[in-house]
Amino acid sequence: MNRRIAPPQPFAPVDSAETAAALARGSAIAFWIWGAVGLMQAALVWFMGAPEHEAMRGTTAGFAVFFAAIAFLLGRVQWRRPNRLLPGFGMVWAVYELSALSVSLMVGAPLGAAGLPGWSFGVAGAAMILCLLLHIGGLRGATGMARFASANRA
């Protein structure tokens, strides 16, 4: 299979600089997925939000769009200059999102903005699991890139 169109495999062995770069760029893909889910949630809040919360609809959607823009920007930075900091941040954020979702499910608290369909939380949870895996691979790839770069300097 052509490496350029193969999906990133986060637990693949990091045996070359090319593989390390591909894994590190997988973290950028995770940020873009996170941003896309944020835009989906903003659209759902705007168009399908509960009528009793109409006063907060714009603020909530704007907040989601703002965080989606940050995610797209972080993805662009990670794509252009892969590093270890952003995948680590992405892993922490994905774990936080998944733990918040889990706690909400356990205690019966509302999962997000009022009036959103239940399937949107399933999509967000599945996307966060995928993002977590891609960030793990991104961290492994960025570490491998640093290792290969230091081996080339020596």
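Each remark here, short or long, concerns the structure printed above.
Residues numbered from 1 in each chain as written. Predicted model: local features only at pLDDT ≥ 70, side-chain atom pairs only at ≥ 80, totals over all residues. Heavy atoms only, no water.

Chemist: Mind showing me how you'd approach the side chain of glutamine 78 here?
Modeler: Relative to the helices and strands, glutamine 78 resides in helix H2 (residues 57–80). When near neighbours in sequence (up to four residues on either side) are disregarded, glutamine 78 contacts Ala24, Ser27, Ala28, Asn83, Leu86 and Pro87. (Helix = DSSP H or I, 4+ residues; strand = E, 2+ residues; numbered from the N terminus. Contact = heavy atoms within 4.5 Å.)

Chemist: Explain the nonpolar core here, please?
Modeler: Generally speaking, nonpolar side chains in soluble globular proteins are found buried as a group. With 12 residues, the main nonpolar core is built from Ala30, Phe31, Trp34, Ala71, Leu74, Leu86, Ala94, Leu98, Met128, Cys131, Leu132 and Leu134. Among the elements of the structure, helix H1 (17–48), H2, helix H3 (85–107) and helix H4 (118–153) are those that each provide at least two residues to this core. Counting residues per element, this core draws most heavily on H4, which supplies 4 residues. Those residues in contact with tryptophan 34 that sit more than four places away from it in its chain are Ala71, Phe89, Trp93, Met128 and Cys131. Formed by 7 residues, the second largest nonpolar core is a distinct cluster that contains Val45, Ala61, Leu116 and Phe121. (Core = buried A, V, L, I, M, F, W, Y, C linked by side-chain atoms within 4.5 Å. Buried < 20%, exposed > 50% of the residue type's maximum accessible area, 1.4 Å probe, protein only.)

Chemist: Whenever I open this one, the environment of glycine 118 confuses me. Can you help?
Modeler: Assignment of secondary structure puts glycine 118 in helix H4. Each C-alpha atom of the pair glycine 118 and alanine 100 lies 16 Å from the other, and the pair is 18 residues apart in sequence.

Chemist: Can you walk me through a nonpolar patch on the surface in this structure?
Modeler: A contiguous nonpolar surface patch, about 400 Å² in accessible area, is contributed by Trp32, Leu39, Val65, Phe72 and Trp79. Elements with a minimum of two residues in the nonpolar patch: H1 and H2. The biggest single contributor to the nonpolar patch is H2, with 3 residues. Phenylalanine 72 sits in the partly exposed class, given a relative accessible area of 30%. (Patch = residues over 30% accessible without salt bridge, like charges linked within 9 Å, V, L, I, M, F, W, Y side chains within 5 Å. Areas by Shrake-Rupley, 256 points an atom, 1.4 Å probe, with all protein chains shown as cover. Salt bridge = Lys/Arg side-chain N within 4 Å of Asp/Glu carboxyl O.)

Chemist: I keep staring at the layout of surface pockets and nothing clicks. Help me out?
Modeler: In this approach the atoms are scanned with a rolling probe the size of a water molecule, which exposes any empty space left behind. Roughly 770 Å³ of internal volume is contained in the largest pocket. Gln41, Phe63, Glu97, Leu111 and Gly112 are, among the 27 residues lining the largest pocket, the residues nearest its centre. Counting only elements with at least two residues in the lining of the largest pocket, the list comes to H1, H2, H3 and H4. Counting residues per element, the lining of the largest pocket draws most heavily on H3, at 7 residues. Classifying every residue of the lining of the largest pocket gives 19 nonpolar, 7 polar and 1 charged. (1 Å grid on protein atoms, 1.4 Å probe; cavity = no way out; pocket = protein on both sides within 12 Å on 5 of 7 lines; lining within 4 Å. Points joined across faces, edges and corners; volume = space filled by probe spheres on them. Nonpolar A, V, L, I, M, F, W, Y, C, P; charged D, E, K, R; others polar.)

Chemist: What am I meant to see in empty space enclosed by the protein here?
Modeler: Considering all chains together, one arrives at 1 cavity of 30 Å³ or more under this definition. In this structure, the largest cavity occupies an estimated 40 Å³ of space. As for the largest cavity, its lining consists of Ala30, Phe31, Trp34, Gly90, Trp93, Ala94, Met128, Cys131 and His135. Those elements that provide at least two residues to the lining of the largest cavity are H1, H3 and H4. When the residues that make up the lining of the largest cavity are grouped by side-chain class, the tally is 7 nonpolar, 2 polar and no charged.

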